[in-house]
Amino acid sequence: SKMKFEMFPSVEANIITIKGDIIGKNSLQFTSDSIRNIEEYLSSSYDEKTISSYLSYVGSGSNPEHFEMYLFLTPEKHRVVKSDVLINDLRTKFTKESFENMSFGKSDGGPSLDNTIEINVYGNRDDHRNTVADQVYKDIKAMDGAQEVQRYPFAATHSGASHNRC
């Protein structure tokens, strides 16, 4: 059945976040060089009327492949390019050949809108649990505004019951 409201409404963002990992060498320098490609693309493709500034972080704890970028957009009334168009452009341009676990989020200045939602389905019978997890996955994937919906295989829990993550 269709929901009577949009669960993930489109928001015109002031900030875009990009998080992910670099595929390749296990070094901060390699990650930094790879992120520079994104920074150069942003500088050459978008002017200061779209992106006022950006901030890049490379490495996280013992994971030198991890990166985070924050794009600070100009106020909506002065901007021609919408945040969703910018995100889709970056998604298309930077493929999984160089980046993995790349996710995009946006914020309008209020609470962060890029928080991951995780749903666990528990049960002792694989067939029932998989049926429910598959249906939840299909329903969420069909919702307007849902992005980067993933379905993970089952895992055992401490109690002995297994669970699936959507």
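As a convention, each chain's residues are numbered from 1 in the sequence order in which they are written. Totals for whole chains, interfaces and linings use every residue, but because this is a predicted model, local features are given only for residues with pLDDT of at least 70 and side-chain atom pairs only at 80 or more, for both listing and counting. Derived side-chain values reflect all non-hydrogen atoms in the structure, with water molecules and hydrogen atoms excluded from consideration.

**Notes on the pattern of salt bridges**
- A side-chain nitrogen of Lys or Arg and a carboxyl oxygen of Asp or Glu constitute a salt bridge if their distance falls within 4 Å. The tally for this structure, following the rule as stated, stands at five salt bridges.
- For the salt bridge of Asp 33 with Arg 36, the shortest nitrogen-to-oxygen distance reads 2.9 Å. Here Asp 33 pairs with Arg 36, and both are found in helix 1 (residues 28-45), just three residues apart, close to one helical turn.
- Burial classes follow relative accessibility: with a 1.4 Å probe on protein chains only, a residue under 20% of its type's maximum area counts as buried, one over 50% as exposed, and anything between as partly exposed. Arg 36 gets classed as partly exposed once you look at its relative accessible area, which sits at 34%.
- With a closest N to O distance of 2.7 Å, Arg 129 and Asp 126 form a salt bridge. Note on conventions: DSSP H or I runs of at least 4 residues are helices, E runs of at least 2 residues are strands, and numbering of each starts at the N terminus.

**Side note on the nonpolar core**
- By size, the foremost hydrophobic cluster in this structure holds 20 residues, and its most contacted members are Ile 18, Leu 42, Leu 71, Leu 86 and Leu 90.
- Contacts are assigned to residue pairs that have any heavy atoms within 4.5 Å of one another. Beyond its immediate sequence surroundings of up to four residues, Ile 18 is in contact with Phe 67, Glu 68, Met 69, Leu 71, Leu 90, Met 102, Ser 103 and Phe 104. We call a set of buried residues a nonpolar core when its members are Ala, Val, Leu, Ile, Met, Phe, Trp, Tyr or Cys and they connect through side-chain atoms within 4.5 Å of each other.

**Details of the packing of aromatic side chains**
- Here the aromatic set is Phe, Tyr and Trp, taking the six-membered ring for Trp, and pairing holds for ring centres within 6.5 Å; pairs whose planes are under 30 degrees apart are stacked, those over 60 apart are edge-to-face, and all others are tilted. In the structure shown here, the tally under the stated rule is four aromatic pairs.
- Measuring from centroid to centroid gives 5.7 Å for Tyr 41 and Phe 94, while their planes differ by 85°, and the two rings are edge-to-face. Linking Tyr 41 in helix 1 with Phe 94 in the loop between helix 2 (83-93) and strand 4 (99-107), this pair joins segments that are 53 residues apart in sequence. A single burial state applies to Tyr 41 and to Phe 94, both of which are buried.
- Taken together, a centroid distance of 5.7 Å and an interplanar angle of 70° make the contact between Phe 67 and Phe 99 edge-to-face. Of the two residues, Phe 67 sits in strand 3 (residues 63-73) while Phe 99 sits in strand 4, which places them 32 residues apart along the sequence.

**A short note on the confidence of the model for the chain**
- The predicted model of the chain averages 79 in pLDDT, with 78% of residues at 70 or higher.
- Across the chain, the secondary-structure element scoring lowest on mean pLDDT is strand 6 (residues 155-156), at 52, and the one scoring highest is helix 1, at 91. On a scale of 0 to 100, pLDDT captures the predictor's confidence in every residue.

**Some words on the pairing of strand 3**
- Here strand 3 lies mainly inside the structure; eight of its eleven residues are buried.
- At least two DSSP bridges between two strands are required for those strands to pair. As paired strands, strand 1 (residues 15-22) and strand 3 are joined by seven bridges and run antiparallel to one another. Each residue of the ladder has a partner; that of Lys 19, found in strand 3, is Glu 68.
- The pairing of strand 2 (residues 51-60) with strand 3 spans eight bridges and is classified as antiparallel. Each bridged residue has a counterpart across the sheet, and for Tyr 57 the counterpart in strand 3 is Glu 68.

**Quick look at helix 1**
- Helix span is expected to be 1.5 Å times the residue number reduced by one. With 18 residues, helix 1 ought to run about 26 Å at 1.5 Å a step, and its terminal C-alpha atoms sit 26 Å apart, in line with that.
- Taken together, the buried positions of helix 1 are Thr 31, Ser 34, Ile 35, Ile 38, Glu 39, Tyr 41 and Leu 42. Each buried residue of helix 1 lies within a common arc of 155° when the element is viewed along its axis, so the set occupies one face. Exposed residues pointing more than 90 degrees away from the buried face of helix 1 are listed as Gln 29 and Ser 44.
- For helix 1, the secondary structure elements touched by its buried residues are strand 1, strand 2, strand 3, helix 2 and strand 4. In this description, one arc is meant: the one made by directions from the helix axis to the C-beta atoms.

**Topic: the sheet that holds strand 1**
- Read across the sheet, four strands follow the order 2-3-1-4 without closing on themselves; strand pairing throughout is antiparallel. Two strands lie at the open edges of the sheet, namely strand 2 and strand 4, each paired on one side alone. Going across the sheet, the axis of each strand differs from the next one's by a mean of 15°, ignoring polarity.
- Set on the sheet, helix 1 makes contact with strand 1, strand 2, strand 3 and strand 4; between it and strand 3 the angle comes to about 20°.
- Here, axes are lines fitted to C-alpha atoms. For helices the fit covers the stretch in contact, and angles between N-to-C directions go from 0 to 180 degrees. Of the strands in this sheet, strand 1, strand 2, strand 3 and strand 4 are in contact with helix 2, which crosses strand 4 at around 175°.

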